[in-house]
Structures are given as C-alpha cells and as structure tokens.
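Residue-level listing of the chains:
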Amino acid sequence: MERERKEVYFDNSATTRVFDSVRDVMIKAMTDDYGNTSSRHIKGVEAEQYIRDAREEIAKSLKVKEKEIIFTSGGTESNNMALIGTALANRRSGNHLITTCIEHASIYNTMSFLEEQGFRVTYLPVDHNGHVSLDALREALCDETILVSVMYVNNEMGAVEPIEEIAGILKEKKSRAYLHVDAIQAYGKYVIRPKKMGIDLLSVSGHKIHGPKGVGFLYVDEKVKIRPILFGGGQQKNMRSGTENVPGCAGLGAAVKEIYRDHEAKVNHLYALKDRMVQGLLSMDGVTVHGLTGRDSAPQIVSAGFEGVRAEVLLHALEDRGIYVSSGSACSSNHPGVSGTLRGIGVKDSLLDSTLRFSFGVFNTEEEVDYCLEQLRELLPMLRRYRRA
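What counts, and at which threshold
- Residues numbered from 1 in each chain as written.
- Predicted model: local features only at pLDDT ≥ 70, side-chain atom pairs only at ≥ 80, totals over all residues.
- Heavy atoms only, no water.
- Phe/Tyr/Trp six-rings, centres within 6.5 Å; stacked < 30°, edge-to-face > 60°.
- Helix = DSSP H or I, 4+ residues; strand = E, 2+ residues; numbered from the N terminus.
- Buried < 20%, exposed > 50% of the residue type's maximum accessible area, 1.4 Å probe, protein only.
- Lys NZ or Arg CZ within 6 Å of the ring centre and 35° of its normal.
- Axes fitted to C-alpha atoms, helices over the stretch in contact; angles between N-to-C directions.
- Parallel < 35°, antiparallel > 145°, perpendicular 65-115°, else oblique.
- Left-handed = near helix turned anticlockwise from the far one by under 90°.
- Contact = heavy atoms within 4.5 Å.
- Nonpolar A, V, L, I, M, F, W, Y, C, P; charged D, E, K, R; others polar.
- Pairing = 2+ DSSP bridges.
- Disulfide = S-S within 2.5 Å.
- Right-handed = clockwise from strand over helix to strand, strands pointing away.

A. Highlighting the packing of aromatic side chains. Scanning the entire structure with this criterion turns up seven aromatic pairs. An angle of 70° between the planes, with centres 5.4 Å apart, marks the rings of Tyr187 and Tyr260 as edge-to-face. On the criterion of sequence distance, the pair formed by Tyr187 in the loop between strand E6 (178-182) and helix H7 (194-197) and Tyr260 in the loop between helix H8 (246-259) and helix H9 (263-282) is long-range, its members being 73 residues apart. One exposure class covers both Tyr187 and Tyr260, and it is buried. Ring geometry for Phe306 and Phe358: centres 6.3 Å apart, planes at 65°, overall edge-to-face. Of this pair, Phe306 sits in strand E10 (residues 301-306) while Phe358 sits in strand E12 (residues 355-359), placing them 52 residues apart in sequence. Through a chain of ring-to-ring contacts, the aromatic side chains of Tyr187, Phe217 and Tyr260 assemble into a single cluster. For the cation-ring pair, Arg17 lies above Phe363, with the distance from its terminal atom to the ring centre recorded as 3.9 Å.

B. The arrangement of the packing of helix H3 (residues 75-89) against helix H4 (residues 105-116) in detail. The interhelical angle for the contact between H3 and H4, taken along N-to-C directions, is 30°, at an axis separation of 9 Å. On the basis of the axis angle, H3 is roughly parallel to H4. Every pair of crossing elements has a handedness; the one defined by H3 and H4 is right-handed. The segment H3 lies against H4, with Thr76, Asn79, Asn80, Leu83, Ile84 and Ala87 engaging Ser106, Ile107, Thr110, Met111, Phe113 and Leu114. Residue classes in the contact of H3 with H4 are distributed as seven nonpolar, five polar and no charged.

C. Representation of the sheet that holds strand E3 (residues 96-100). Strand order across the open sheet formed by seven strands is E2-E8-E7-E6-E5-E3-E4, with mixed pairing between neighbours. If you trace the sheet from one side to the other, it starts and ends with strand E2 (69-72) and strand E4 (120-124), each paired once. Within this sheet the neighbouring strands show an average axis-to-axis angle of 20°, counted without direction. Bridge count between E3 and E4: five bridges; the pairing is parallel. The partner of Thr99 across the bridge, within E4, is Tyr123. Contacting E2, strand E7 (201-205) and strand E8 (216-220), helix H2 (residues 42-62) runs over the sheet at an angle of about 120° to E2.

D. Fine view of the environment of Val150. In this structure, Val150 sits in strand E5 (residues 145-151). The sequence separation of Val150 and Ala183 amounts to 33 residues, and the corresponding C-alpha distance is 9.0 Å. Ignoring sequence-local partners within four residues, the contact set of Val150 consists of Thr100, Glu103, Glu161, Ile163, Ile166, His180, Val181 and Asp182.

E. Molecular detail of the state of the cysteines. Per the counting criterion, the structure on display carries zero disulfides. Here Cys142 stays unpaired: no disulfide links it, and the sulfur of Cys101, its closest cysteine neighbor, is 19 Å away. Under the relative-accessibility criterion, Cys142 is labelled partly exposed at 29%.

F. Expanded view of the pairing of E3. Among the five residues of E3, five are classified as buried, and the element is accordingly described as predominantly covered. Burial of the side chains of E3 extends over both faces: His96, Ile98 and Thr100 are buried on one face and Leu97 and Thr99 on the other. Traced from E3 through H4 to E4, the parallel crossover comes out right-handed. As paired strands, E3 and E5 are joined by three bridges and run parallel to one another. When the sheet's bridge partners are listed, His96 is paired in E5 with Thr145.

See the structure below:
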C-alpha cells in the first residue's frame, strides 16, 4: 500500500509562505496602483502612499521615527549598507570594527571586504550555547572602534545574543562605536525597541516574517553618520537610489502589521512547536540538540545533530516523505562546507556534517511536528544500518 504523503514545511528560517493580506495588497499594487513613486501625477501619488503606509507600520512596530526607515532589497543589502556605509562615513574617527565568529555570510563576507579596504576587524568568540563573550568585547573595544555588529538571533541554532548588555558595555566604556544588529531572524519573534535598547542600526528582511522576497529595511538612528552605497536618482532622501519596489514595500508593511497582531499568541505557538520537537528529538538515541532550548532560545529554530547519519542524506530522506528542513543557513548552502556556527560552539566532529535545522512559522501545527518525529524514528535506524554496511 502506498504511503500517504503529507507536506510539512519546517524551513521557515530560509523563507516563509506569505500571509493572504500580503498577497492581496501586492496584487493591488501591481495591477491597479502601479505608478512610479517619482511621477508627479495621481498614479505616482497612489504608489507613494503604499510606501508611506509601510514605513509608518514599520516605524510603529519599533517605536522609531518614520524617517529612520530605509527600504532595501532585503537582509543582505541592509547588512551591507549598515557596515559599508557606516565604516566609510566614520573612517576618520577610526578603522576598527567588531563582530562575532557566528555571523551570517552577509556580515562575515562584508567584513572581509572591509578588511581589504584597510579596516581592522575583531571576531569575538562564543560559548557552547552560541552566546558572544562579553569579556572579549570589553577587551576588544578601543579608541579606534567605530562599529560593533552582532546578530540578535543566530540563524542556524537560534541562540539569542545579549544585545542590551552589549549596548550597556559600549555606554560603560564611553565608546563612540555604533551598534548594528542583524535582526533578520529576530524581528517578528521579539518586540524590539532600538531607542530603549541602545541599537543604532537594525537590519530586517521581509520574507522571514511571511512577507515577500526581495524587500527589507534598515533602521538608522537619525544621529548615525552613514553614507549611501547605491547612487542614482536620489530616492529615499539620497540614501538608497533606485525606483522603490512598491508592491514589495506594500507587502512588507502588511506582513509587519499581521506578524505583530496577537503577537504573544503567535510566539507562544512557536515555542509550543519547538518544545514538542525538542522533547521528541531528545527521546531518540544518538540525537543531540545544539544550544539552549525553551524560552532561553529563539522560538522558531531547533538545531539537532544525528549521530551516524549525514545531514544531506537525512534531509533528502525526509524530503521523500514530504518534510522540508535545512542542513544550515539557506544562504550558505550554495557554498558547501562546515558551518562556522557549529565550529564556533564546539560541536564535536562527528556531528558537524550530521546536523539539521528545523524552523517553524505561524502556519505550522503540532500534528506536523508529530509526523516529522514519527518519520525520524523510522528513518534513523535504517540510515544508520545502511551507512555501516
């Protein structure tokens, strides 16, 4: 008898299915109100209103000023603008940058580029739970430090970094350095207040919060000295030239509105899924869950190592049964290799190539978790026997 095939999508940290409200407003912006925001006629005015509404919704979610929001093509551009734009604008004040050893490729590779431009970069270590060393930060800070960039939530294992304590150390040391936070895996999961938390720049991507791909934003505190990295028609007050992506921005605004509606209930749902998954995984032989769990970690990510089974083999075995997961960051999967995050937290060698990431979204259910666990219980012994043979 043929096995019933379900579809279970547990790769929400790679991308998410959009909310219906996002789809609807994007279709309207593409088919009815399709003007260019730079045009002076009514079609341009209608298009501009979508941008205004989205910027207002985002600013409200962060309790910041609307003029402090710059729309971008997504998280990678937001991170590039934050790092390159701030580094170049403040070069006369110093040439030292600080980040961590477990950052996303869009931070790590941008830092490598800045090193080529003559900047000095310090990469802070993390402990076995993925938390950055605050003592190392204190030691690394100096008069030449102009920027500290630390992710809010690690995209591979869900470690939550102590952002407010980091901001406190900068204040305690009377450092002139700006604090940039890659909040791409945190925004929508946490209530973030940059002004209160001491965050100067914050990167967000739309498609991680059930919004569209190809759009995001960078929050830049009005006091930050930053320069553009794209040049052209001077849109967005000369900070990000290029015709605005009106449907994308409209969809992003709708996603922000929806993700923060009944926010606590959404987060509690994610934690319930995560707890159920973690408990099930830990009941299996040869399975290790990396980092902290429960409320000490992000609500949507579970990273687990499966002794004796290659991650890619298990990933495709699950795929055959309609379950979609990841073997790490989606952005790094195009460049196969050992995860810097897993090495950074000291994962033993036997699990470096045997780790999968399960990441949840608001559409997932407990029944889907149970189905996934059931398939893992069946697959793991078979795959281990096959490997030994």
